[in-house]
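# Inside the fold
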Amino acid sequence: MTDNMIQAALAQVAAITQKAYEKAAAAGALSAGGENVPAKVDIPKDVSHGDYACSFAMAAAKTLGRNPREVAQVLMDHMELEGSFFDKVEMAGPGFLNFTLGKKWFSDVLSAVEAGGMGYGTSDEGKGKKINVEFVSANPTGPMHIGNARGGVLGDTIAAILERLGYTVCREFYVNDAGNQIHKFAVSIDARYRQLLLGEDAVEFPAEGYQGEDIKDLAKAIADEHGNAWLELPGEERLEKMAQFGLAVNKPRMKADLEKYGIRYDQWFLESTLHASGAVEEAVGQLTEKGYTYEKDGALWLNTTKLLKEKYLREGMKEEKVDKLELKDDVLRRANGFYTYFAADIAYHKNKLSERGFDTAIDVWGADHHGHIARLQAALDGLGLDGSNRLVIVLMQLVNLLQDGKPVRMSKRTGKAIALHDLLDEISVDAARFVFSATKSTSPLDFDLDLAVRQDSENPVYYVQYAHARICSLIAKMKNEEAMLVPAAAEVDAGVLQSPEELALLKTIARFPEELRLAGRDLDPSQIDRYLMGLAGDFHRFYNADRIKGEERELAKARLKLADSARSVLANGLGLLGVTAPEKM
RNA sequence: GCCCACGUAGCUCAGCAGGAUAGAGCAGCCGCCUCCUAAGCGGCAGGUCGGACGUUCGAAUCGUCUCGUGGGUGCCA
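All figures in this text were calculated on a predicted structure; none of them were measured in a lab. (Residues numbered from 1 in each chain as written. Chains lettered and ligands numbered in written order. Predicted model: local features only at pLDDT ≥ 70, side-chain atom pairs only at ≥ 80, totals over all residues. Heavy atoms only, no water.)

## Focus on the environment of L258
Applicable threshold: By the criteria applied, helices consist of DSSP H or I runs no shorter than four residues and strands consist of E runs no shorter than two, each listed in order from the N terminus. Residue exposure (1.4 Å probe, protein chains only): buried if accessible area is under 20% of the type maximum, exposed if over 50%, otherwise partly exposed. Should any heavy atoms of two residues lie within 4.5 Å, those residues are counted as being in contact.
Among the secondary structure elements, L258 is positioned in helix α8 (residues 235-260). Judged by its relative accessible area of 1%, L258 is buried. On a C-alpha basis, the gap between L258 and G366 in space is 18 Å, while along the polypeptide they are 108 residues apart. Contacts of L258, omitting those with residues within four sequence positions, involve V136, M144, F173, I263, Y265, W268 and L420.

Here you go:
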């Protein structure tokens, strides 16, 4: 009951080829041994090489003691295509067997799209496995910037893809509401607060403090609400109140900004709860029990070197190479008694993989954190949680914001970051979501404000949306002017679809479930963006080459069904990306 | 120094679970609306896939080395 017609066809080619070999071997036309050679099938780039190409003859030539073209010829002589997806098979080049799709397959594709509707491409591959997708997790100490927008779109779209593939997905935001950053946050607000009440010169602003205007706004809000009452409080209590006040303002703001991008979380997980519940202490304690920690200079250290070497050896790295690695250990508990971020992170991921029972934790991280990946995985391995396999990090390169082709400098410290909500004043959610998901996360993304703002064809999202709108308009016109509704797949003779443009479009439509599968496998939504651009292109070419209105009835019906199938998949794919599919433009 | 990512058309990037003649968009040049939306389509031009060696029937794709760019290498997060 798959609607993945690509996998169905690939499997059939392999089966047909294997059967042909068995038949040939039984008849004595080929020697034994070929049954152990896998029948590799792929899709040629060039349509003149058929729709599917099998390289079995080349791979098996040596084993069978014949040249590849001879093997291919014998296979063709023993091949049975009756009742299959294929009309013909040809031998080409060094010994490829090239299969050409026939009417049955095209007809099945139309039926699959119709039956699937907006769920076309859904599978049960994930078998309900629980996956936690954590993304953005920006420090709540200031406004989010454009990089957070990319991470938000990336994480949300990965989550959506995995849901389609049958995983049970939890979207999570990890709130760093403890530790050093928060302390700096509190100290910064406090300084601004006192400057406000005592005069700018009376209080020195800490060198390490956050410079942004938002800190001044928070200080002013505190002054408005509490006057100078907080001046009297003892230092620790005052800072605690400052931090809580700031978080209470910033957290809902982040939530609201993300929601503007259509991003909603299932879980906002507070780092502070890990400290309060003793979970951090517990995780560190377990590592100590297992002999992975030691004390030095008053601090508690994790023997990361040992953990990493064990990990690399398990993964098959050669011992001599492992010995040569220069690795460093990490502090878990500072000499001042406070746990490090790393210690909390270990406890946090232990919480995901153990206490909350997720099969896999996927984290979207900025590329500048990549050095952290192996260490965290190794630490989780040390806890017996198989972090090397169950913790998957999607690294995201940073965003270069351009204007007039020139880089706009961004820095949170100087408060010059372009805030998320300002960005949306400039460009639509559709454009933002498409642009942010269109580049593979491992590549840096140049985000040109001027380009994103433009509402023309240079902005790829409009190219895709336009295809959808065009089809909607077409369907409406056929209904109103020709009294023709989109027919059911069963009423369509797929055999009348024969132009290169029709076949190309239909084949691309058929690829959607497979593209979805691959995007999920690679955790790479950009594959969906590119697929949709290709699908839109195939439609535009079909639209230019083949008319519907005024054509002979059977052909018009089949083409209308084809167009509607393209519409359905465009809407489906855009929906996955969080982009709207307009009926008019 | 060590670790990681990335080097493909003028620019931005696909392709990297080895397959046949390496693709797209943009920029450039030339065309296509009496005809379902021209936010579209067609054509031309553009390449030592950073380099070398290796693995094999076959390498942009895998391995080793090398050059270049960026990042990491805190009792920061």
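Still more to cover.
## Here's the deal with the side chain of N250
Positionally, N250 belongs in helix α8. The residues contacting N250, other than those within four sequence positions of it, are P140, T141, G142, F185 and L218.

## A word on the packing of helix α13 (residues 341-355) against helix α14 (residues 373-382)
The line we're drawing: Interaxial angle, 0 to 180 degrees, is taken between N-to-C directions of lines fitted to C-alpha atoms, where a helix line uses only the stretch in contact. Roughly parallel means an angle under 35 degrees; roughly antiparallel means over 145; roughly perpendicular covers 65 to 115; every other angle is labelled oblique. Working rule for handedness: look at the near helix, and if it is turned counterclockwise from the far one by less than a right angle, call the crossing left-handed; if clockwise, right-handed. Polarity classes work like this: nonpolar for Ala, Val, Leu, Ile, Met, Phe, Trp, Tyr, Cys and Pro, charged for Asp, Glu, Lys and Arg, and polar for all others, with Gly in that last group.
At their nearest, the axes of α13 and α14 sit 10 Å apart, and the two run at 60° to each other. The angle between the axes of α13 and α14 places the two elements in the oblique class. Regarding α13 and α14, the two cross each other, and that crossing is right-handed. Of the residues in α14, those in contact with F342, D345, I346, H349, K350 and L353 of α13 are R375, L376, A379 and L380. A per-class count over the contact of α13 with α14 returns six nonpolar, one polar and three charged.

## Some details on the protein's contact with RNA strand B
Spelled out, the test is: Proximity is defined per residue: if any heavy atom of the residue lies within 4 Å of a molecule or strand, that residue is considered near it. Here a polar contact is recorded for every N or O atom pair within 3.5 Å, except that within protein the pair must consist of a potential hydrogen donor and a potential acceptor, and residues adjacent in sequence are included only if both atoms are side-chain atoms.
The environment of RNA strand B is formed by 60 residues, the closest being Y463, Y466, R470, R521 and R547. At the protein interface, 62% of the atoms of RNA strand B within 4 Å belong to sugar or phosphate. Here a sugar or linking oxygen of RNA strand B sits 3.5 Å away from a polar atom, N or O, in the side chain of N139. A distance of 3.3 Å separates a sugar or linking oxygen of RNA strand B from a polar atom in the side chain of Q181. Going through the elements one at a time, α2 (56-64), β4 (96-101), α6 (180-198), β9 (299-302), α19 (460-482) and α22 (526-545) are the ones with two or more residues in the surface near RNA strand B. In terms of residues, the surface near RNA strand B owes the most to one element, α19, which gives eight residues.

## Comments concerning the pattern of salt bridges
The test is simple: The salt bridge criterion pairs a side-chain nitrogen of Lys or Arg with a carboxyl oxygen of Asp or Glu, the two atoms within 4 Å.
By the definition in use, this model includes 33 salt bridges. When the shortest N-O distance is used, the salt bridge between R171 and E163 registers 3.1 Å. Overall, E163 belongs to the partly exposed group, its relative accessible area being 37%. Put simply, E282 and K350 hold a salt bridge, and the shortest N to O gap is 3.3 Å. Of this pair, E282 sits in helix α10 (residues 279-289) while K350 sits in helix α13, placing them 68 residues apart in sequence.

## Comments concerning the layout of surface pockets
Which parts of space are left empty comes out when a probe the size of a water molecule is rolled across the atoms. Applied cut-off: Of the grid points, spaced at 1 Å and generated over the protein atoms alone, those admitting a 1.4 Å probe that cannot get out make up cavities, while open sets with protein on both sides within 12 Å along at least five of seven lines make up pockets; any residue with an atom within 4 Å of a point is treated as lining. Grid points are joined across faces, edges and corners, and a volume is the space filled by probe spheres set on the points.
Taken as a whole, the second largest pocket holds about 380 Å³ of empty space. If you go around the second largest pocket, you meet 17 residues; those closest to its centre are I43, V47, D51, K507 and R511. In terms of residue count, the dominant contributor to the lining of the second largest pocket is helix α20 (residues 500-510) (five residues). Split into classes, the residues belonging to the lining of the second largest pocket amount to 10 nonpolar, two polar and five charged.

## Some remarks on the sheet that holds strand β6 (residues 168-175)
Just so we agree on the cut-off: Strand pairing is defined by DSSP finding a minimum of two bridges between the two strands.
Here we have five strands laid out as an open sheet, ordered β7-β6-β5-β11-β12, and parallel in their pairing. The strands lining the two open edges of the sheet, one partner per strand, are β7 (267-270) and β12 (391-396). Here the average twist between neighbouring strands, direction ignored, is 25°. Relative to β6, strand β5 (residues 130-134) runs parallel, the two being bridged by five bridges. Directly across from V133, in β6, lies its bridge partner R171. Of the strands in this sheet, β11 (360-366) and β12 are in contact with α14, which crosses β12 at around 170°.

## Some details on the sheet that holds strand β3 (residues 86-92)
With antiparallel pairing, the four strands of this open sheet are ordered in space as β1-β2-β4-β3. Each end of this open sheet is capped by a strand with a single partner; those strands are β1 (41-42) and β3. Alignment of β1 against strand β2 (residues 52-54), held across two bridges, turns out to be antiparallel. Bridging across to β2, D42 finds its partner in A53. Sheet strands in contact with helix α1 (residues 5-26) are β1, β2, β3 and β4, and its direction is about 35° off that of β2.

## Quick look at helix α5 (residues 146-164)
Our working rule: The length a helix should cover is 1.5 Å for every residue beyond the first.
If you check α5, its first and last C-alpha atoms are 27 Å apart, about what 19 residues at 1.5 Å a residue would give, namely 27 Å. Within α5, 18 of the 19 residues are buried, which leaves the element mostly enclosed by the surrounding structure. Remark: G166 follows α5 within two positions and exhibits a positive phi of approximately 90°.

## Regarding a nonpolar patch on the surface
Condition: Excluding any residue in a salt bridge, patches collect residues exceeding 30% relative accessible area, merging like charges within 9 Å and nonpolar Val, Leu, Ile, Met, Phe, Trp and Tyr side chains within 5 Å. The Shrake-Rupley method, run with a 1.4 Å probe, gives the accessible areas here. Residue values count only the displayed protein chains as cover.
A cluster of nonpolar side chains, namely L196, L197 and L198, defines an oily patch on the protein surface of about 260 Å² accessible area. Among the structural elements, L198 can be located in helix α6.

## A closer look at the side chain of E514
If you trace the backbone, E514 turns up in helix α21 (residues 512-522). Once residues within four sequence positions are removed from consideration, E514 is found in contact with N4, I6 and Q7.

## Observations regarding the packing of aromatic side chains
Filter applied, for reference: Centre distance within 6.5 Å is the pairing criterion for rings of Phe, Tyr and Trp, where only the six-membered ring of Trp is used; planes under 30 degrees apart are then read as stacked, over 60 as edge-to-face, and the remainder as tilted. Definition used: whenever NZ (Lys) or CZ (Arg) falls within 6 Å of the ring centre and also within 35 degrees of the ring normal, the charge is taken to sit over that ring.
Summed over the entire model, instances satisfying the criterion amount to 18 aromatic pairs. Judged by centre distance (6.4 Å) and plane angle (75°), the ring pair of F85 and F86 falls under edge-to-face. Exposure remark for F86: the relative accessible area of 4% places this residue in the buried category. On the numbers, 5.6 Å between centres and 40° between planes, the contact of F512 with Y531 is tilted. Remark: Y531 occurs in helix α22 and F512 occurs in helix α21; sequence separation between them is 19 residues. The burial state of F512 is the same as that of Y531; both residues are buried. One aromatic cluster in this structure is built from Y52, F85, F86 and F99. Across the ring face of F358, the terminal group of K130 is positioned such that the distance to the ring centre comes to 4.8 Å.

## What about unusual backbone geometry?
Of note, the phi angle at A483 is positive, near 55°, even though the residue is not glycine. Its location among the elements puts A483 in the loop between α19 and α20. On the basis of relative accessible area, A483 is assigned to the exposed category, the value being 65%. Positive phi is not limited to glycine here, since L523 has a value of about 50°. In this structure, L523 sits in the loop between α21 and α22.

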